[in-house]
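Residue strings, one per chain:
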Amino acid sequence: MTEMSEEKYLQLLAEQFPNIPAVSTEIINLKAILNLPKSTEHFLTDLHGEAEAFKYMLKTASGVIEYKIDQIFEEKLKDKEKRELATLIFYPEEKMKTLQKRGGIPPEWYKEALDYIVKISREVSAIYTRSKVRKALPHKFSYIIEELLHLNENELSKKDYKDQILTTIIEVGQAENFIIALSNLIQRFAVDKLHIIGDIFDRGPAPEKIMSFLKNHHNVDIQWGNHDILWMGAARGQRALIATALRIALRYGNLEFIEEGYGINLRPLARFALKIYPEVNQTVFAPRLLDKELAQPEISLISQMHKAITIIQFKLEGQLLKQHPEFRLSEALYFEKIDFEQGILNLDGKKYKLTDSDFPTINTDHPYQLSSEEEEVIEHLRYSFRNNDRLQEDIRFLFNHGSLYKKYNGNLLFHGCIPLNKAGNYAEVKIAGQNYAGRSLLDFFDDVVRQSYSLNKQEETYRDWLWYLWRGKMSPLFGKEKMTTFLRYFTTVEDKALYLEKKNPYYKKRENADLCKQILADFELDPETGHIINGHTPVAEKRGESPIKGEGRLLVIDGGISAAYRTKTGIAGYTLTYSSKNLRLISHDPFLSRENALNKDSRDTISATEVVKFKQPLKISATDIGKKLADDINYLLKLHEAYQNGSLKENYST
Ligand SMILES: O=P(O)(O)OC[C@H]1O[C@](O)(COP(=O)(O)O)[C@@H](O)[C@@H]1O
Ligand SMILES: [Mn+2]
């Protein structure tokens with residue numbers, strides 16, 4: 001700050017802290033906060049519509065709550081009792097209902113449960129200021145809960161006082177309400193900050209439920225994944241992305257969230273598909289149902305709609321590629337390589353028999369042109385996407401709380417990659433005469449996403465760039481040479497090389513610590529202590545792949561929460577927690593169902609790896625907020641000095 005503006009700033013600060021006692025109180029307060037332990041951050045990624053599994057990971061704070069229970073009740077409780085206590089905290093209402101059904105709950109049970117839960121609440125809230133805890137308390141019980149949280153049970157007189165409070169809570173019939181309120185409090189305070197490293201949408205059944213949850217979360221940030229960008233672009237009206245979003249939903253038979261969750265009417269598409277594609281090859285277009293079941297007529301209808309939207313998608317993509325040679329994806333112009341009469345694809349001198357060669361809507365002279373009915377269908381969908389309040393609200397949330405990458409407490413978070421060239425250097429990408437590479441490329445795309453949301457003249461072009469971000473060669477969110485979707489639908493060959501989506505060199509190079517350190521340094525983070533945290537590529541643990549790369553500098557936490565990828569990874573997801581004590585990588589058991597979680601008596605996490613254990617507990621002073629507070633303290637000290645030396649006048653009138 002210049003001297004002038006510093007003086008001005010102090011004058012402004014003086015309005016808030018008008019005299020020495022006021023400014024001193026604030027200095028004392030902030031200095032005390034700097035010495036509190038850092039609160040816990042929770043990292044999740046690649047949720048892919050798996051709302052139940054996601055909610056469970058949040059409820060359990062990926063083992064943080066069980067870990068606390070272990071610490072507090074180490075000797076006192078048996079493993080089975082610890083698990084009971086944990087499930088009570090995760091699902092208080094359901095758990096108590098089950099117990100009621102099994103023959104009622106005696107007062108002693110409530111007393112013990114309340115006692116345990118108060119102890120855990122005290123432990124998890126101890127690292128926050130009283131004022132922060134107070135703000136999070138449910139209004140109706142705030143006074144009593146505050147008393148319980150702050151009393152010292154080691155003082156004999158206080159123990160009786162506490163016993164009396166608990167007994168009275170039970171006598172007045174409020175035990176269950178208190179248990180629920182305290183359980184929520186524990187869940188709230190076990191984790192203070194949630195990071196979602198992308199891919200909330202696609203493949204799984206309920207992304208809109210995840211979005212509701214996130215919208216109500218107290219502190220979340222999102223690093224956009226390619227599937228989020230897909231939905232953001234679709235909601236903004238980019239037609240190829242609308243077709244792709246629906247194609248993926250149909251491919252997995254997930255229509256409920258579109259029709260019921262968002263209320264988007266798919267009838268026009270269904271009507272069109274029934275008419276134009278009375279029969280489709282089910283081997284190609286039947287939905288992959290994973291753990292759901294559907295009746296045959298529904299499967300048939302979905303297959304027909306699936307084919308209809310797939311053709312629309314490939315036509316729209318063709319149009320886009322012609323319009324944007326700068327995307328350099330012309331190899332994906334497949335329709336012009338098809339011999340429609342023979343049903344053959346000519347690719348790189350080879351001929352491939354098409355799995356389905358019924359193309360009633362294709363004009364072979366202009367294969368990318370939509371038929372008038374297709375045009376109507378996609379325009380109807382575009383209208384529905386753009387005017388859907390619920391979808392627009394969710395997407396606005398993604399824009400407002402998301403970014404292409406995030407620097408947070410020394411770590412660098414992004415979904416996919418930083419595109420590299422074969423030599424392992426940042427790939428240079430020339431866009432509109434400008435060169436971008438590494439951080440500047442990510443900044444460029446971050447800007448593109450934001451521009452696509454504004455209503456300016458180039459809005460349309462920016463939206464097309466969203467499509468590029470979804471599947472372009474140099475997209476940091478995609479990170480693969482090409483997307484072979486078309487080939488996987490329309491050909492079938494033994495040699496899977498045809499379907500290979502070669503990953504950007506980043507994915508090999510990140511095994512190397514030097515690259516990771518270089519990236520951290522280029523983002524102005526400490527290369528010796530910072531970490532890069534990625535999602536996007538499922539870690540095949542069962543084939544021995546490790547999620548920890550670059551000698552611990554980089555962590556990949558996509559472990560397959562997505563049911564579709566579970567067979568590949570062999571586990572059901574990784575999550576990461578970063579507390580004052582350690583950085584822990586947790587690999588999870590498959591989440592089967594709520595009932596299963598409620599009734600099982602063993603703990604959840606398969607294993608947890610302590611990636612880093614801090615010698616001294618980290619304090620708030622070491623965090624980003626801490627640095628900001630230290631800055632504030634500096635100015636408050638200057639204000640204090642100004643009052644003392646008389647250069648500013650104190651005010652006691654308010
Ligand atoms: O397994 P699916 O659902 O067919 O999707 C495959 C497509 O998804 C992608 O893997 C992108 O999705 P991810 O970001 O989840 O990896 C493409 O590379 C690939 O073509
Ligand atoms: Mn992804």
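These notes cover the structure that comes with them. Note that the structure is predicted; figures quoted are calculated from it, not measured.

So, about the overall build of the protein. The helix and strand inventory of the protein stands at 28 helices and 17 strands. A compact globule built from 654 residues should have a C-alpha radius of gyration of about 26 Å, and the protein, at 28 Å, falls within 12% of that. Along the three orthogonal principal directions, the C-alpha set of the protein runs to about 90 × 75 × 45 Å. Per-residue burial over the protein gives 40% buried out of 654 residues. When contacts within the protein are restricted to residue pairs at least 6 apart in sequence, those whose partners lie at least 24 apart make up 71%.

Another point: helix 22 (residues 459-471). Since one α-helical turn is 3.6 residues long, residues separated by three or four positions face the same way. Spanning 13 residues, helix 22 covers 19 Å between terminal C-alpha atoms, matching the ideal 18 Å at 1.5 Å per step. With 10 of 13 residues buried, helix 22 is to be regarded as a mostly interior element. Turning to helix 22, its buried residues are Y462, R463, D464, W465, L466, W467, Y468, L469, W470 and R471. Among the structural elements, helix 13 (226-236), helix 14 (239-251), helix 18 (296-323) and helix 21 (439-453) are those in contact with the buried residues of helix 22.

Next up on the list: the sheet that holds strand 12 (residues 532-534). Reading across from one edge, 8-9-12-14-13 is the order of the 5 strands in this open sheet, with mixed pairing throughout. A single partner strand is all that each edge strand has here, and the edge strands are strand 8 (405-408) and strand 13 (548-549). With 2 bridges connecting them, strand 9 (residues 411-414) and strand 12 associate as parallel partners. Pairing of L413 across the sheet is with I533, part of strand 12. In the packing of helix 25 (residues 513-522) onto the sheet, the strands contacted are strand 9, strand 12 and strand 14 (554-556), and the crossing angle to strand 12 comes to about 105°.

Moving on, we get to unusual backbone geometry. With glycine set apart, most residues show a phi of negative sign, and most peptide bonds adopt trans. Positive phi is not limited to glycine here, since A61 has a value of about 50°. Along the chain, A61 turns up in the loop between helix 3 (51-60) and helix 4 (64-72). Overall, the presence of 27 C-beta atoms within 10 Å leaves A61 in the buried class. Its identity is not glycine, yet N409 carries a phi of approximately 45°, on the positive side. You can see N409 is positioned in the loop between strand 8 and strand 9.

Let us now look at the pairing of strand 1 (residues 41-44). Residues E41 and F43 point to one face of strand 1 and H42 and L44 to the other, with burial holding for every one of them. Here 3 bridges tie strand 1 to strand 15 (residues 574-578), and the two strands are oriented antiparallel to one another. Residue pairing for strand 15: H42 is matched across the bridge by T577.

Turning our attention to the sheet that holds strand 5 (residues 344-347). The 3 strands are arranged 4-5-6 in an open sheet whose pairing can be described as antiparallel. The sheet terminates laterally at strand 4 (338-339) and strand 6 (350-353), the two strands that pair on one side only. With 4 bridges connecting them, strand 5 and strand 6 associate as antiparallel partners. Note that in strand 6 the partner of N346 across the bridge is K351.

Conventions adopted
Residues numbered from 1 in each chain as written. Chains lettered and ligands numbered in written order. Predicted model: local features only at pLDDT ≥ 70, side-chain atom pairs only at ≥ 80, totals over all residues. Helix = DSSP H or I, 4+ residues; strand = E, 2+ residues; numbered from the N terminus. Rg over C-alpha atoms; globule rule 2.2 N^0.38 Å. Buried ≥ 20, exposed ≤ 12 C-beta atoms within 10 Å, placed from the backbone. Contact = placed C-beta atoms within 7 Å. Expected span 1.5 Å × (residues − 1). Pairing = 2+ DSSP bridges. Axes fitted to C-alpha atoms, helices over the stretch in contact; angles between N-to-C directions.

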